Structures are given as structure tokens and as C-alpha cells.
Amino acid sequence: QKEVEQNSGPLSVPEGAIASLNCTYSDRGSQSFFWYRQYSGKSPELIMFIYSNGDKEDGRFTAQLNKASQYVSLLIRDSQPSDSATYLCAVNPTGGSNYKLTFGKGTLLTVNP
Amino acid sequence: EPEVTQTPSHQVTQMGQEVILRCVPISNHLYFYWYRQILGQKVEFLVSFYNNEISEKSEIFDDQFSVERPDGSNFTLKIRSTKLEDSAMYFCASKAGGAGELFFGEGSRLTVL
């Protein structure tokens, strides 16, 4: 059974702080990794994807991947109240174009003004 | 901006009834998916569809489920005889070929009574 594990939270940070979200996965052969944001009652929205070990930055967001440790993280700098949502980690077991994503249960982030 | 559209947004049905959920994927996309999310739980992969056939399906996608792309624009999920445990939010998603973003629709909430 392929698993993706996240701390369920809630993670509470003050506005302007760095929020750090973590995810581990069980399938060592996994190839691509995604972070989604989901507001309550809404659909997942892609924040970032990462395929290679190391860091990938996009604006206030940085994804970090360590395949040896089977670990992927998301850092949100200068957190805003609008960042308050559930953050979903998702893993694709293959490197192909077809995405059969396994999602974690998500970490609820609250950014306090 | 192109988007995946789903109808209905909410459907209430009696146990044992057939339900069809409809989706219009983004027009030039090649891969089509159904995911579901039971309230408070993970987003789960159901099925992927490529080149007019199912390319992958999960254990959840049993004989009660079927998918169809009847006319080149719509993509439907049929549940033949609904059970109470089918109550969930069903997300349609699509993506273009190659690597890239999986676009989710807003979801269809199914309530089985």
C-alpha cells in the first residue's frame, strides 16, 4: 500500500512568519511530487511540483525534495492570512505523463493576523 | 483562463439509484481523471482515461463504476447502484500531454441517503 503521510496539524503561524509543511512517502520509486492547497469545500489548487532532489522556488513558496529520505517539504515565506488552508502533498509513482496521484491527508495551516 | 467544469454541483440520491456525474475537461487536454474525497478524508484516485480508454483504475473503481467520453468534450462517471459509502465529493481533472499541471474541477458533491 503506497502511503503519503503528513502532520494533520493544525499548524498555526503569525502573519509574516515562515510556515514549514512536511510530507513523507513510502514508495521509493516515486518520481514526481506535488503540493496542492485546498480551501474548505473547494477543489485542490496546484502550488508547485518538483521532480529532482533539491530546492525549487516559486515566489514565496519553496519545495524541497530528498528522495533518499523519501521526504518532501513546502516552505511558505511571509505567510499571509489568505494562505490559511489545508495543504495536500501528492505523489506520482511513475515519471510518465499519466498522473495516478496518491494524496496525503493534508496539513491545516492557520496564519494569524 | 480555461477550466474544468462539473455538473451537478450537488446531487442527492437514494441508495440503489444510478447517478451520472458530468465533466467538461479543458479542450486540448489528453488525460482525464476522476478522484473522490470523502468528507474529512484524503483525496483518492479512482480512474484515469486516455486515448478513449481506461488507462488505470484503483481498487475503489469496481464494477459499479464506469466512465465514458461520449462526444469528445464530455467525460462522465456513472455509479450504477449507489451505496451510502459512495457519499463524497467527486473531482474531475484533466491535463495536457507531458509533464505539467493537473487541473481539477470544482467538484460534484454526492449525497446518498
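Residues numbered from 1 in each chain as written. Chains lettered and ligands numbered in written order. Predicted model: local features only at pLDDT ≥ 70, side-chain atom pairs only at ≥ 80, totals over all residues. Heavy atoms only, no water.

1. Things to note about the packing of aromatic side chains
Then, in step 1: All told, the structure shown has 18 aromatic pairs over all chains when counted by the stated rule.
Then, in step 2: Each ring, one from Y35 of chain B and one from F45 of chain B, has its centre 5.5 Å from the other, and the planes form 75 degrees; the classification is edge-to-face. With a gap of 10 residues between them, Y35 of chain B in strand β4 (residues 31-37) and F45 of chain B in strand β5 (residues 43-50) connect regions that are remote in the sequence.
Then, in step 3: Given a relative accessible area of 6%, F45 of chain B falls into the buried group.
Then, in step 4: Pairing F91 of chain B with F104 of chain B gives two aromatic rings, centres 6.1 Å apart and planes at 90 degrees, and the pair type is edge-to-face. A residue pair is termed long-range when its members are at least 10 positions apart, and F91 of chain B in strand β9 (residues 88-95) and F104 of chain B in strand β10 (residues 103-104) qualify at 13 residues. Summarising the burial analysis for this pair, F91 of chain B and F104 of chain B share the class buried.
Then, in step 5: A connected cluster of aromatic rings, assembled from ring pairs, spans F34, Y36, F49, Y51, Y99 and F103 of chain A together with Y33, Y35, F45, F91 and F104 of chain B.
Then, in step 6: Between the NZ or CZ atom of K56 of chain A and the centre of the ring of F49 of chain A, over which it lies, the distance is 4.0 Å.
Then, in step 7: Here the basic side chain of K95 of chain B rests over the ring of Y99 of chain A, its NZ or CZ set 4.5 Å away from the ring centre. (Phe/Tyr/Trp six-rings, centres within 6.5 Å; stacked < 30°, edge-to-face > 60°. Helix = DSSP H or I, 4+ residues; strand = E, 2+ residues; numbered from the N terminus. Buried < 20%, exposed > 50% of the residue type's maximum accessible area, 1.4 Å probe, protein only. Lys NZ or Arg CZ within 6 Å of the ring centre and 35° of its normal.)

2. Focus: the state of the cysteines
All names here are of chain A.
Then, in step 1: For the structure on display, the rule yields 2 disulfides over all chains.
Then, in step 2: C23 shares a disulfide with C89; S-S distance 2.1 Å. Every disulfide takes its handedness from the sign of the S-S torsion; for C23 and C89 that torsion is -70 degrees, giving left-handed. Note that C23 is positioned in strand β3 (residues 19-25) and C89 in strand β9 (residues 85-92), a separation of 66 residues in sequence.
Then, in step 3: For C89, a relative accessible area of 0% corresponds to the buried category. (Disulfide = S-S within 2.5 Å.)

3. Comments concerning the sheet that holds strand β7 (residues 65-68) of chain B
Residues and elements named next belong to chain B.
Then, in step 1: Ordered by their spatial adjacency, 4 strands build an open sheet running β1-β3-β8-β7, and the pairing between neighbours is antiparallel. Two strands lie at the open edges of the sheet, namely β1 (5-7) and β7, each paired on one side alone. Averaged over all pairs of adjacent strands, the angle between strand axes in this sheet comes to 20 degrees, irrespective of strand direction. (Pairing = 2+ DSSP bridges. Axes fitted to C-alpha atoms, helices over the stretch in contact; angles between N-to-C directions.)

4. Here's the deal with the interface of chain A and chain B
Then, in step 1: Taken together, the contact pairs 21 residues of chain A with 25 residues of chain B.
Then, in step 2: Buried surface at the junction of chain A and chain B, summed over both partners, amounts to about 1900 Å²; 53% is from carbon and sulfur atoms.
Then, in step 3: By the criterion of area lost to chain B, the three top residues of chain A are N98, Y99 and K100 of chain A, representing 29% of everything that side buries.
Then, in step 4: Our enumeration of links across chain A and chain B arrives at 2 salt bridges.
Then, in step 5: Linking E3 of chain A and K42 of chain B is a salt bridge whose minimum nitrogen-to-oxygen distance equals 3.5 Å. (Contact = heavy atoms within 4.5 Å. Buried area = accessible area lost by both parts, 1.4 Å probe. Salt bridge = Lys/Arg side-chain N within 4 Å of Asp/Glu carboxyl O.)

5. Structural notes on the nonpolar core
Then, in step 1: Ranked by internal contacts, the top residues of the largest apolar core, which has 23 residues, are W35, V72, L74, I76 and Y87 of chain A.
Then, in step 2: Among the secondary structure elements, those contributing two or more residues to this core are β3, β4 (32-38), β5 (45-50), β7 (61-66), β8 (71-76), β9 and β11 (107-112) of chain A.
Then, in step 3: With sequence-adjacent residues up to four places away left out, L74 of chain A is seen in contact with A19, S20, L21, W35, I47, M48, F61, T62, A63 and Y87 of chain A.
Then, in step 4: In terms of nonpolar packing, the next biggest core, distinct from the first, is built from 21 residues, V19, C23, F49 and I79 of chain B among them. (Core = buried A, V, L, I, M, F, W, Y, C linked by side-chain atoms within 4.5 Å.)

6. Describing the environment of T86 of chain A
Residues and elements named next belong to chain A.
Then, in step 1: Looking at where T86 falls in the secondary structure, it is placed in strand β9.
Then, in step 2: Note on T86: relative accessible area 22%, which makes it partly exposed.
Then, in step 3: Spatially, the C-alpha atoms of T86 and G54 are 24 Å apart, while their sequence positions differ by 32 residues.
Then, in step 4: The contact partners of T86, leaving out residues within four places of it in the chain, are Y36, R37, Q38, K105, G106, T107 and L108.

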